[in-house]
Amino acid sequence: MLDNKTPQRITIMSGKILPKNLTKGVDLCGVDIHYYIVRSDLACYMRSTNFHSGDNLEVFSLHPSCRGGDHYLAHKDGLFYIIKGSQYRRVKNMTTDEDSIVYPLHRNCQKGDHYLTAFGYFYIIYQGRSVYRKTKNLSEDTDSIEHPLHPNCRDGLYYFGVADFYYFVKPHDKWGIQYVKSTNFNIDDNSQTFSFHPSVIPFLPGGLGVSKGSAYGEWSCIKTISNDSGTPVEWKKSITKKIGYEKEKMSSIEHNWNVSATVSAETGDLTALITKSQFSLTAEYGGSSVNTEKETWSEATEIEETIAVTLQPHKKIYVWSYQLGLGKEPVLHCRDMKISAKPDPPTDIPLPPAKH
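All values derive from a computational prediction rather than experimental measurement. In this convention, every chain numbers its residues from 1, walking through the sequence in written order. Owing to the predicted nature of the model, reporting of local features is limited to residues with pLDDT of at least 70; listing and counting of side-chain atom pairs is limited to 80 or more, with chain, interface and lining totals taken over all residues. To obtain the side-chain values, all non-hydrogen atoms of the structure were included, while hydrogens and water were left out.

Stacked, tilted and edge-to-face are the three classes assigned to paired rings of Phe, Tyr and Trp, where Trp is represented by its six-membered ring and a pair needs centres within 6.5 Å; plane angles under 30 degrees give stacked, over 60 edge-to-face, the rest tilted. Going through the model one piece at a time under the given rule, you end up with 29 aromatic pairs. Centroid distance Phe160 to Tyr167: 5.0 Å. Interplanar angle 5°. Geometry classified as stacked. The ring of Tyr126 has Arg129 sitting right over it, with the charged end atom 4.8 Å from the ring centre. Its end group placed over the ring of Tyr121, Lys134 keeps NZ or CZ at 4.3 Å from the ring centre. Throughout this description, the term charge over a ring refers to an Arg CZ or Lys NZ atom that lies within 6 Å of the ring centre and within 35 degrees of the ring normal.

What follows is the structure in structure tokens.
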């Protein structure tokens, strides 16, 4: 007798994105009419003309020399600034590393928590001291001055500037993931709060857990084999199991994205990279803390495996397959399979832990 048995699972929505201090090579910045989300871990960046309405979402590859920055910002001169330690790299194009020049970062401008540009100035946020520094030049620290941060502006997860406005991403609250548009960090001005468009959220670190649901890992019972007779039975048959990545389920996150050919050529399946990243995060940010690099990330297919067992009288065995999912949907069918004599699923996690 064969039947299926799936363990019950409670889905917990995390609804949080990673703050900047827990990421490397990830940042938000803006210049002219464009907003940018830089994801060094995905080797690419997203450009948009409006995070709230999700307009003109384009994804470009990130040049190797432009990856792994501590901070990313863009100035009114149309150039990007990538800070690493006590230096910064100024480039015209983050895909080609065009016209790149490296400058020293003035000692007064180092060790900031966030960097942005607005009103023709560079701004450095020191959240620990609740102040921000304003300067004309990061290398020379000209015309610099410090101001206190208004209490309402101190808890940003990311800060960026576009033209004559400051922006910062708020910690998650009952209204979801939002960002604030302001003209002054020093006073409580007439600021505006906006939500992120659903098409933008998955590109934020941890955002896939917000849009799809928190990650989970579980052993799913794919077959139950019973011997209802009074004598031992030799059972040898092929069973079908699924292995691989449910690409079609995840492809919807790219529907409003225009992904450049260089991204596809360099990174392969972008949604798979984003999903891998989500699974590696801690449960606090909607992940499972597992490393899935060695799993099969090609399109999910069914394969057959032969099982040979001696089944004792009036006994059952259960065949389990491990899978990872988001929300209520299984996304990655792993290679691991187990056979047990108990109806309860195994308790071990067969994947190596992610490095944080």
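Here we have five strands laid out as an open sheet, ordered 2-3-4-5-20, and mixed in their pairing. Looking at strand neighbours, the two that pair on one side only are strand 2 (26–31) and strand 20 (257–259), the edges of this open sheet. The sheet shows a mean angle of 20° between the axes of neighbouring strands, direction not considered. Relative to strand 3 (residues 34–39), strand 2 is paired through six bridges, and the arrangement is antiparallel. From the neighbouring strand, Leu28 faces strand 3, where its bridge partner is Ile37. For two strands to be treated as a pair, DSSP must find at least two bridges joining them. Where helices and strands are cited, they refer to DSSP runs of H or I of at least four residues and of E of at least two residues respectively, numbered from the N terminus. Lines fitted to C-alpha atoms define the axes, with helix axes restricted to the stretch in contact, and inter-axis angles between N-to-C directions lie between 0 and 180 degrees.

What follows is about the sheet that holds strand 6 (residues 71–74). Here we have four strands laid out as an open sheet, ordered 6-7-8-9, and antiparallel in their pairing. Only two strands of the sheet have a single neighbouring strand rather than two, namely strand 6 and strand 9 (101–104). Between one strand axis and the next, the sheet turns by 25° as a mean value, whatever way the strands run. Strand direction decides the pairing type here: strand 7 (residues 80–84) and strand 8 (residues 87–91), joined by five bridges, are antiparallel.

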